[in-house]
Each structure stands twice: as C-alpha cells, then as structure tokens.
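Below, each chain spelled out in residue letters.
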Amino acid sequence: MDFGEADRLLTVLSPSLGKLRVLAKGVRRPSSHMAGHVELFAHTHLQLARGRDLDIVTQASTIEPFRTLRENMVKVAHAFHLAELCDGFLQDADPHPAVFGLLLSTLHRLAGDDYRASFAARAFELHLLREVGYRPDLTTCLRCQSRIEPGANSYSVSLGGTVCPQCALTAPDAGPISSDVLKLLRHLQRTPNDRLRPVAVSEAVLREAERVMRRHLEFALERRLQASDFVRQATEAMPAAG
Ligand SMILES: [Zn+2]
C-alpha cells in the first residue's frame, strides 16, 4: 500500500515473526536501491529496525523474485488468493512457521509449470485450514457420525465438512458434493505438503472443488474472498493456465 510521499506499507509473512506490517521508506522513488527487492510475492531477506509504531525496513535482498509468477495473470491471481487467505486467517505477530513454508512451496508450484494453479491452491487451502484450526472433516457425517460412503453426499459449511444423504435433508446449508471432488479434497488433505505431486484432475472437478472450498473459507472468515473473483476472471480469459 502506498504510504506518504514515497513510502510503501508492506504486509510481510515471516517464518519467525508471523504477519507484520512494515514501512519501506522511499521505495517509490526511481533512485531507491531497495525498490526492486520489495516486490509483491517475492521471497526476500529483510532487515528491520524497531520503530515507534511500525518497524522500518533498513535492508532488503531478494532470495527468489518469482518473476514468472508475476508475468502470468492466472498465476498472479492465485498468488493474490494465497496472500488474502494468509492475511485473513493469521493474526499480526503470531508466528506460524508451517504456514510460511506452505506459502513458499505453493508460490514455487505456481511459478513453475508442473502443477495446475487451482490444484496447488486447493492443497494450500486444506493445509492452511488445518494449521489455523478450521480443518474440514471429509470422512464422517458431521450430523450422525456415520462413515461417509461413496454416493450422494453433501457438504455443510456451518458444520465444517461432509454430511450423509439422510442428514443432508435436515442440514440447513448442505450442498451436494460429488464423489470425485471428495476424493480430490481427501487426497490433498492427507498428503503431506512436501510429498504432494501433480495429479491429473478434470476441469469440472477442479471447478467444483474451488466452489466447495470457497464456501468453506468465506464462512470461516465471515467475509467474501475478493481474489477468488480475480482468479475466475483470469481463468476464463486464459483457461489453459488455470
Ligand atoms: Zn448422517
């Protein structure tokens, strides 16, 4: 966010300090040596000085600029989505090293060509939700506790996961979830992030998985996710990249 005459207020995620808002002075001046090192979504080594209200960036050097990510509208839209989720779910100065590692590895997946952006984003969401205490239950009915069998199951955001066909009739916000989507989400949820490999998934399944997860995330955050609309518009314009 632009701040004052030539400064910028940065929201950064640090492995040891958590989410922070820091001031980068003078970075909007063409002569700034720091400007190229505080780019959006870049992995950067920052040195901070404690300020009265805000910490101030005194040195910055880029570790990984993720340039390819910022050159592709679909990838950048997904990166905004990851950032919006980290910003929404994490409190200031509450360290979550696992979320930092998850974000960094997901940015690498987005920047590369091996993973569909939406596949990488759903894996990120499921692991993030577990880290912040909103892990969806995808194996038992959250009303009657019976095991979810393949079939006409539903998903309830207020209950936080799956509901069996019988219970869905009385769960107020239960919406259908297909067996293929359930299979994908379970796979992403139970695969440790560092063991995740690309899997071929149909367009329709990826789209439905996105809708289910978006409802869950928006319910948990109690607000609409703005970057999701950007992701949709970008994917419609460049379908092959989503
Ligand atoms: Zn049930």
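Residues numbered from 1 in each chain as written. Predicted model: local features only at pLDDT ≥ 70, side-chain atom pairs only at ≥ 80, totals over all residues. Heavy atoms only, no water.

Draft legend 1. The sheet that holds strand 1 (residues 2-3), seen in detail. Read from one edge of the open sheet, 5 strands run 1-2-3-5-4, paired in mixed fashion. Among the strands making up the open sheet, the edge pair consists of strand 1 and strand 4 (43-49). Bridge count for strand 1 against strand 2 (residues 7-14) is 2 bridges, and the pairing is antiparallel. When the bridges of strand 2 are listed, aspartate 2 appears paired with arginine 8. Those strands touched by helix 3 (residues 97-111) are strand 2, strand 4 and strand 5 (55-64), and its axis lies near 105° from that of strand 2. (Pairing = 2+ DSSP bridges. Helix = DSSP H or I, 4+ residues; strand = E, 2+ residues; numbered from the N terminus. Contact = heavy atoms within 4.5 Å. Axes fitted to C-alpha atoms, helices over the stretch in contact; angles between N-to-C directions.)

Draft legend 2. The arrangement of the packing of aromatic side chains in detail. What the rule picks out here adds up to 4 aromatic pairs. Ring centres of tyrosine 115 and phenylalanine 119 lie 6.3 Å apart, and the angle between their planes is 25°; on these two criteria the pair is classed as stacked. Each of the two residues, tyrosine 115 as well as phenylalanine 119, counts as buried. The structure contains a cluster of three or more aromatic residues connected by ring pairs, namely Phe41, Phe80 and Phe230. (Phe/Tyr/Trp six-rings, centres within 6.5 Å; stacked < 30°, edge-to-face > 60°. Buried < 20%, exposed > 50% of the residue type's maximum accessible area, 1.4 Å probe, protein only.)

Draft legend 3. Representation of the pairing of strand 2. Here strand 1 hands over to strand 2 after 3 residues, with glycine 4 in that stretch at a positive phi of 60°. Inspection of the sheet shows strand 2 paired to strand 3 (residues 18-24) by 7 bridges, in the antiparallel sense. For leucine 9, the partnering residue across the bridge sits in strand 3 and is leucine 23. The turn linking strand 2 back onto strand 3 is made up of 3 residues.

Draft legend 4. Main features of helix 4 (residues 117-131). Its 15 residues place the ends of helix 4 21 Å apart at the C-alpha level, agreeing with the 21 Å of an ideal helix rising 1.5 Å per residue. Buried residues dominate helix 4, accounting for 13 of its 15 residues. Phi for glycine 133, located one or two positions after helix 4, is positive at around 90°. (Expected span 1.5 Å × (residues − 1).)

Draft legend 5. Spatial organisation of the coordination of the zinc ion. Protein-derived ligands of the zinc ion are Cys141 (SG), Cys144 (SG), Cys164 (SG) and Cys167 (SG), with the metal-ligand distances lying across 2.3 Å. Coordination at the zinc ion is tetrahedral: its 4 donor atoms span angles of 102 to 115° at the metal. By relative accessible area, which is 40% here, cysteine 144 ends up partly exposed. The class for cysteine 167 is buried, based on a relative accessible area of 12%. (Donors = N, O, S within 2.8 Å, 3.2 Å for Na, K, Ca; no water. Tetrahedral: all angles 85-135°; square planar, octahedral: opposite > 155°, others 65-115°.)

Draft legend 6. Expanded view of the packing of helix 4 against helix 7 (residues 203-221). Between helix 4 and helix 7, the shortest axis-to-axis distance is 10 Å and the interhelical angle comes to 30°. By the angle class used here, helix 4 and helix 7 are roughly parallel. You can see that helix 4 and helix 7 cross each other, and the crossing is left-handed. Here helix 4 contributes Ser118, Phe119, Arg122, Glu125, Leu126 and Leu129 to the contact with helix 7, which in turn contributes Leu206, Ala209, Glu210, Met213, His216 and Leu217. When grouped by side-chain class, the residues that make up the contact of helix 4 with helix 7 number 7 nonpolar, 2 polar and 3 charged. (Parallel < 35°, antiparallel > 145°, perpendicular 65-115°, else oblique. Left-handed = near helix turned anticlockwise from the far one by under 90°. Nonpolar A, V, L, I, M, F, W, Y, C, P; charged D, E, K, R; others polar.)

Draft legend 7. Main features of unusual backbone geometry. Unusually for a residue other than glycine, phenylalanine 41 sits at a positive phi of about 70°. Position of phenylalanine 41 relative to the elements: it lies in the loop between strand 3 and strand 4. Judged by relative accessible area, phenylalanine 41 falls into the buried class, the value being 12%. The residue alanine 93 is not glycine, and still its phi comes out positive at about 55°. Along the chain, alanine 93 falls in the loop between helix 2 (73-89) and helix 3. Among the residues examined, alanine 93 registers a relative accessible area of 52% and is labelled exposed.

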